[in-house]
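Now for the letters of each chain:
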Amino acid sequence: MLCRRAAIYLKEYQSLSSRFANTSWTGHRAKSTAKIIDEDDVPQTGAALLRSDLNRVKRIVIKLGSAVITREDECGLSLGRFGSIVEQVAELQNQGREMIIVTSGAVAFGKQKLRQEAVLSMSMRQNLSNVESGMRLSESNKGKIRPPSLEPRACAAAGQSGLMSLYDAMFLQYGVKTAQILLTKPDFQDEHSRDNLRGTLNELLKLNIIPIVNANDAVAPPPEPDMDLAGVISVKDNDSLAARLASEMKAELLIIMSDVNGLYTAPPGMPDSRLLHTYTPEMDQVVIAGKSRVGTGGMDSKVKAATYALARNCSVVICNGCEEHAIINIVKGKKVGTFFTRAQARGTPTELQARLAREGSRSLQALSGMHRTAIVNKLADLLLERKSDILAANQQDVQEAFASGMQQSEMARLYLSEQKLETLAAGLRQIGANSINAVGKVVQRTRLTDGLELEKIAVPIGVLLVIFESRPDALPQVAALSICSGNGLLLKGGKEAKHSNRILFSLVQEALEPFAPVDTVALVSRREDIADLLQLNQYIDLVIPRGSQELVTRIQQMTQGIPVLGHSEGICHVYIDQDVDPEMAMHIVKDSKCDYPAACNSMETLLIHKSHREGPLFDRMCEMLRLQGVKIHAGPKLGQLLKFGPSVAASMRTEYSSLECAVEIVDDVDDAINHINTYGSAHTDAIVTNNEENAHRFFKMVDSACVFKNASTRFADGYRFGLGAEVGVSTSRIHARGPVGLQGLLTHKWVLSGTGQAVGDFTSGKFKYTHQNLPVTEEPANS
């Protein structure tokens with residue numbers, strides 16, 4: 001249930017665009033707030049409720065607006081965009097989908113043709129008249145003549161055949177045939193005409209022919225306002241035509257393409273304007289972008305057409321047809337344009353979640369360190385008190401993951417046990433104990449001159465967005481670190497851990513409630529909401545994706561100006577040097593690989609000095625790994641030395657995350673360093689050696705977040721480092737590296753206290769800077 005503060009902001013959110021109500025900008029307003037649903041709890045019937053469902057559609061109507069395929073001068077077609085759209089439609093058609101195109105462009109095509117004819121037929125007197133009436137040519141515009149005024153219906157008549165010929169020629173390149181159908185409003189009013197239309201289209205689709213449909217602008221009357229009586233939409237433009245056609249043909253998806261990106265929360269270009277990726281017909285106070293540069297429909301007609309089609313079980317996306325691969329990406333379920341859905345509200349709008357987290361962060365900062373520690377200690381107690389409920393929810397996740405065929409390495413990350421919960425609770429208490437004096441702590445003091453003192457103080461970053469996969473124990477760990485550092489938090493866990501995440505999140509809220517707003521920490525329900533959150537740089541200060549390299553890269557590409565702290569793959573190495581204790585080496589390699597193979601700090605590549613190739617250590621090492629069930633892949637050098645042996649590794653840049661690893665021979669410590677810096681992921685790398693000089697060189701030259709000597713790579717962990725936990729092991733350079741604990745979630749501000757000084761006093765020589773370092777205080781201001 002929303003707290004009182006949330007209720008207030010929800011009311012504000014519902015009137016998000018009301019401040020634009022008295023502007024002269026022309027737009028459309030309709031009803032409700034953005035919707036949030038759980039992607040795993042929706043039925044798969046009727047129109048798609050989620051974008052991910054769009055990859056299953058078969059019959060698709062594509063509406064091409066005039067602005068998409070018409071040149072900027074509105075005279076002729078933009079062949080580049082036109083060709084790209086044809087290629088995408090042909091690709092989908094060849095996949096076995098049934099494609100129907102509703103096209104504009106006949107007027108522009110005909111205008112180009114008739115204008116040339118009209119200019120050629122102009123008399124000398126007309127040309128002279130144009131020159132004498134103000135068109136007298138200069139050197140810069142010599143040869144230009146005022147273009148003649150052309151009647152649109154005549155242009156449509158002249159351009160229709162050429163437009164269709166172009167469609168034929170371009171689709172034939174992909175082995176696809178087309179057929180033309182011209183329609184007018186009376187064709188939909190007559191029941192027999194509609195039956196004939198459906199029969200014709202169905203027959204063409206059976207023959208694998210793409211129908212090219214257009215309003216017959218050569219005979220159609222001028223556009224008229226929609227009457228919208230009893231839910232009937234007129235055919236006054238191609239938006240309306242496409243919606244009616246999608247309904248008649250029971251299409252599963254209608255894509256309306258124009259030169260605008262979709263629907264906005266405010267007039268595009270204004271500071272608060274934001275593209276709506278998802279829209280429901282009940283949305284209230286949403287400002288929608290106005291009419292495109294050409295065409296008769298405008299955005300208002302597109303919204304009416306979209307809601308009409310959606311009400312008849314056809315999914316709709318309004319998008320920018322000038323965007324590359326827009327059609328293909330929409331069908332793949334990617335976040336392109338505005339997706340129309342009838343999904344019901346199941347939570348708080350993402351923008352409101354981020355805003356409440358910002359307010360919650362300020363409430364946390366106002367608390368004392370003891371109070372923030374009390375929240376985390378309460379969470380630790382709840383983990384043990386409710387462990388039976390947590391383990392039951394986790395078992396449900398594990399069973400569903402097993403049924404879905406999840407890999408064993410991923411199952412290991414997903415699984416919770418009593419021991420894990422006890423370790424987790426101990427880690428949270430450690431975080432609380434270490435954090436009492438963290439926020440507000442003075443870390444540097446400088447006396448600039450007598451009576452003018454400067455302090456550098458540790459403060460929260462603000463609001464964090466943390467995206468994590470598989471591991472439900474990451475949720476309380478990250479929440480505890482965020483609370484103790486005074487940061488608001490938005491969490492998005494993997495759907496494979498949805499039952500575990502829900503109960504763990506409820507415990508976080510229960511621990512927060514006596515001290516701070518429960519909305520300080522929020523759980524994001526849908527994968528689709530991530531793209532919306534990544535636009536909210538006015539509320540979110542840092543994004544931390546925990547998971548695969550693919551996840552991190554995708555988030556980095558999607559974010560809109562928000563810094564990303566990369567927590568990517570862990571390709572960790574152990575190097576066995578020439579001078580080494582064999583028993584130590586065996587022990588460290590076994591632990592690094594076999595203790596928890598699914599962890600990001602597990603060894604993925606074993607590097608062995610060439611001197612051991614013919615000695616007993618190499619054979620013992622391989623035999624030990626074999627007995628532990630580890631599958632070995634030979635590196636390129638080792639593969640050349642072995643006549644009979646394991647398969648050669650497909651890549652030395654592989655994170656196996658299971659009982660597999662690569663083994664490679666290196667010449668010396670420098671060769672090992674070069675290999676690690678070339679193929680590693682800058683996570684954790686270790687040397688096992690008795691040679692201090694080689695160890696020192698390894699420490700200095702290996703460019704990784706964690707570098708160890710004579711210790712397992714598995715020590716790269718926030719709890720083992722004494723941090724209590726970490727939000728991840730960062731391989732970034734800025735702003736933190738390695739296990740990122742409480743200190744990695746703080747930044748600084750400078751506080752200057754004076755007695756009336758001004759910069760001019762120093763310029764004039766009245767005062768002089770002394771820049772004297774002062775001892776720092778131990779207690780923060782709000783402890």
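What counts, and where the lines are drawn
Residues numbered from 1 in each chain as written. Predicted model: local features only at pLDDT ≥ 70, side-chain atom pairs only at ≥ 80, totals over all residues. Heavy atoms only, no water. Helix = DSSP H or I, 4+ residues; strand = E, 2+ residues; numbered from the N terminus. Buried < 20%, exposed > 50% of the residue type's maximum accessible area, 1.4 Å probe, protein only. Contact = heavy atoms within 4.5 Å. Areas by Shrake-Rupley, 256 points an atom, 1.4 Å probe, with all protein chains shown as cover. Phe/Tyr/Trp six-rings, centres within 6.5 Å; stacked < 30°, edge-to-face > 60°. Lys NZ or Arg CZ within 6 Å of the ring centre and 35° of its normal. Polar contact = N/O pair within 3.5 Å; in protein donor to acceptor, adjacent residues only side chain to side chain. Pairing = 2+ DSSP bridges. Axes fitted to C-alpha atoms, helices over the stretch in contact; angles between N-to-C directions. Salt bridge = Lys/Arg side-chain N within 4 Å of Asp/Glu carboxyl O. pLDDT = per-residue confidence, 0-100. Disulfide = S-S within 2.5 Å. Parallel < 35°, antiparallel > 145°, perpendicular 65-115°, else oblique. Nonpolar A, V, L, I, M, F, W, Y, C, P; charged D, E, K, R; others polar. Left-handed = near helix turned anticlockwise from the far one by under 90°. Right-handed = clockwise from strand over helix to strand, strands pointing away. Expected span 1.5 Å × (residues − 1).

### As for the overall build of the protein
Part 1 of the reasoning: Broken down by element type, the protein carries 26 helices and 28 strands.
Part 2 of the reasoning: A buried classification covers 54% of the 783 residues belonging to the protein.
Part 3 of the reasoning: A sequence separation of at least 24 residues applies to 76% of the contacts in the protein between residues at least 6 apart.
Part 4 of the reasoning: Accessible surface, the protein as shown: approximately 34800 Å² in total, 50% of it carbon and sulfur.

### Comments concerning the packing of aromatic side chains
Part 1 of the reasoning: Overall, the coordinates contain 6 aromatic pairs when judged by the stated rule.
Part 2 of the reasoning: Pairing Tyr279 with Phe340 gives two aromatic rings, centres 4.8 Å apart and planes at 55°, and the pair type is tilted. Of this pair, Tyr279 sits in strand S9 (residues 278–279) while Phe340 sits in strand S12 (residues 338–340), placing them 61 residues apart in sequence.
Part 3 of the reasoning: Linked through ring pairs, Phe82, Tyr167 and Phe171 together constitute an aromatic cluster.
Part 4 of the reasoning: One residue, Arg312, lies across the ring of Tyr308, its end atom 3.7 Å from the ring centre.
Part 5 of the reasoning: For Arg613, the ring lying beneath its charged end belongs to Phe618, and the centroid distance is 5.2 Å.

### As for helix H24 (residues 669–679)
Part 1 of the reasoning: Those residues of H24 lying buried are Val669, Asp671, Ala672, Ile673, His675 and Ile676.
Part 2 of the reasoning: For H24, the elements touching its buried residues are strand S19 (572–576), strand S20 (603–609), helix H23 (636–641), strand S22 (660–666), strand S23 (684–688) and helix H25 (692–701).
Part 3 of the reasoning: With a side-chain oxygen positioned 3.2 Å from the backbone nitrogen of Asp670, the residue opening H24 is Asp668.

### Examining the environment of Leu454
Part 1 of the reasoning: By the secondary structure assignment, Leu454 is in strand S14 (residues 452–460).
Part 2 of the reasoning: Placed 299 residues apart in sequence, Leu454 and Ser753 show a C-alpha to C-alpha distance of 6.4 Å.
Part 3 of the reasoning: Those residues in contact with Leu454 that sit more than four places away from it in its chain are Gln444, Arg445, Thr446, Leu448, Trp750, Val751 and Leu752.

### Some points on the sheet that holds strand S21 (residues 631–634)
Part 1 of the reasoning: Here 6 strands make up an open sheet; going across it, the order is S21-S22-S20-S19-S23-S24 and the pairing parallel. Every other strand in the sheet has two partners, leaving S21 and strand S24 (706–709) as the edge strands with one partner each. Ignoring strand direction, the axes of neighbouring strands in this sheet form an average angle of 20°.
Part 2 of the reasoning: In this sheet, S22 lies alongside S20 in parallel orientation, the contact comprising 5 bridges.

### Here we look at the pattern of salt bridges
Part 1 of the reasoning: Scanning all chains against the criterion turns up 26 salt bridges.
Part 2 of the reasoning: Here Arg198 and Glu248 are joined by a salt bridge, their closest N and O atoms 2.4 Å apart. Residue Arg198 is found in helix H8 (residues 191–206), and its partner Glu248 is found in helix H9 (residues 238–248); the two are separated by 50 residues along the sequence.
Part 3 of the reasoning: Exposure remark for Arg198: the relative accessible area of 25% places this residue in the partly exposed category.
Part 4 of the reasoning: Arg620 is the salt-bridge partner of Glu583, the closest N and O atoms lying 3.0 Å from each other. Taken together, the residues span a long stretch of sequence, with Glu583 in helix H21 (residues 582–594) and Arg620 in helix H22 (residues 616–627) at a distance of 37 residues.
Part 5 of the reasoning: Relative accessible area serves as the criterion here: at 48%, Glu583 is assigned to the partly exposed category.
Part 6 of the reasoning: Ionic contacts of the salt-bridge type, sharing partners, join the residues Arg194, Asp195, Arg198, Arg244 and Glu248 into one network.

### A word on unusual backbone geometry
It is generally the case that most residues other than glycine have a negative phi and that most peptide bonds are trans.
Part 1 of the reasoning: Here the bond from Ile734 into His735 is cis, since omega is 5°, no more than 30 degrees from zero.
Part 2 of the reasoning: Within the secondary structure layout, His735 lies in the loop between strand S25 (729–730) and strand S26 (738–739).
Part 3 of the reasoning: If you check the backbone angles, Ala682 has positive phi at about 65° while not being a glycine.
Part 4 of the reasoning: Looking at where Ala682 falls in the secondary structure, it is placed in the loop between H24 and S23.
Part 5 of the reasoning: Residue class for Ala682 comes out buried when judged on its relative accessible area of 13%.

### Structural notes on the pairing of strand S18 (residues 542–546)
Part 1 of the reasoning: The element S18 is extensively covered by neighbouring structure, given that 5 of its 5 residues are classed as buried.
Part 2 of the reasoning: The alternating pattern of S18 places Leu542, Ile544 and Arg546 and Val543 and Pro545 on opposite faces, both of which are buried.

### Some words on the sheet that holds strand S27 (residues 746–753)
Part 1 of the reasoning: Taken in spatial order, the 4 strands of this open sheet run S27-S14-S13-S28, and their pairing is antiparallel. Only two strands of the sheet have a single partner each, and these edge strands are S27 and strand S28 (772–774). Recorded for the sheet is a direction-independent mean angle of 25° between the axes of neighbouring strands.
Part 2 of the reasoning: Relative to S28, strand S13 (residues 442–449) runs antiparallel, the two being bridged by 3 bridges. The residue bridging Arg447 from the neighbouring strand is Gln772, located in S28.

### Brief notes about the environment of Glu569
Part 1 of the reasoning: With respect to the helices and strands, the residue Glu569 is situated in the loop between helix H20 (549–558) and S19.
Part 2 of the reasoning: Glu569 sits 19 residues away from Glu550 along the chain, and the two C-alpha atoms are 9.1 Å apart.

### Focus on the confidence of the model for the protein
Part 1 of the reasoning: Averaged over all residues, the pLDDT of the protein equals 83, while 80% of them reach at least 70.
Part 2 of the reasoning: Here residues 1–45 scores under 50 on pLDDT; set against residues more than four positions off or in separate chains, the count is 125 contacts.
Part 3 of the reasoning: A low-confidence stretch, residues 134–143 stays under pLDDT 50, and its non-local contacts, those more than four residues away or across chains, total 7 contacts.

### Let's talk about the state of the cysteines
Here a disulfide denotes one covalent bond, and it connects the sulfur atoms of two cysteines.
Part 1 of the reasoning: Tallied over the full model, the rule gives 0 disulfides.
Part 2 of the reasoning: Lacking any disulfide linkage, Cys572 is separated from the closest cysteine sulfur, that of Cys600, by 6.8 Å.
Part 3 of the reasoning: Residue classification places Cys572 among the buried residues on the basis of a relative accessible area of 0%.

### Focus on the packing of helix H13 (residues 369–385) against helix H16 (residues 418–435)
Part 1 of the reasoning: At a minimum axis distance of 9 Å, the contact between H13 and H16 shows a crossing angle of 170°. By the angle class used here, H13 and H16 are roughly antiparallel. On the side of H13, the interface is formed by Thr373, Val376, Asn377, Leu379, Ala380, Asp381, Leu383 and Leu384, while H16 contributes Leu421, Glu422, Leu424, Ala425, Leu428, Arg429, Gly432, Ala433 and Ser435.
Part 2 of the reasoning: By residue class, the composition of the contact of H13 with H16 is 10 nonpolar, 4 polar and 3 charged.

### A few points about the packing of H21 against H22
For any two helices packed against each other, one specifies the crossing angle of their axes together with the interaxial distance.
Part 1 of the reasoning: One way to put it is that H21 packs onto H22 with a least axis distance of 11 Å and a crossing angle of 30°. By the angle between their directions, the pair H21 and H22 is classed as roughly parallel. Every pair of crossing elements has a handedness; the one defined by H21 and H22 is right-handed. Each of Pro582, Glu583, Ala585, Met586, Val589, Lys590 and Lys593 in H21 lies in contact with H22, whose residues at this interface are Leu617, Arg620, Met621, Met624 and Leu625.

### With respect to the environment of Phe505
Part 1 of the reasoning: Locating Phe505 in the fold gives a position in helix H18 (residues 498–512).
Part 2 of the reasoning: Between the alpha carbons of Phe505 and Leu491 there is a distance of 9.3 Å; along the sequence they are 14 residues apart.
Part 3 of the reasoning: Apart from the residues lying within four places of it in its own chain, the contact partners of Phe505 are Leu475, Val521, Ala522 and Leu523.

### A few points about the pairing of S20
Part 1 of the reasoning: In terms of residue burial, S20 counts as a mostly covered element, since 7 of its 7 residues are buried.
Part 2 of the reasoning: A crossover links S19 with its parallel partner S20, the connecting element being H21, and its sense is right-handed.

### Re helix H3 (residues 79–94)
Part 1 of the reasoning: Compared with the 22 Å implied by 1.5 Å per residue over 16 residues, the 22 Å span of H3 between its first and last C-alpha is a close match.
Part 2 of the reasoning: Within the sequence span of H3, burial applies to Phe82, Gly83, Ile85, Val86, Gln88, Val89, Ala90, Leu92 and Gln93.

### What to know about the side chain of Lys302
Part 1 of the reasoning: By the secondary structure assignment, Lys302 is in helix H10 (residues 298–310).
Part 2 of the reasoning: On the accessibility criterion, Lys302 (3% relative accessible area) is buried.
Part 3 of the reasoning: Those residues in contact with Lys302, other than ones at most four positions away along the chain, are Lys63, Asp239, Ile256, Ser258 and Ile318.

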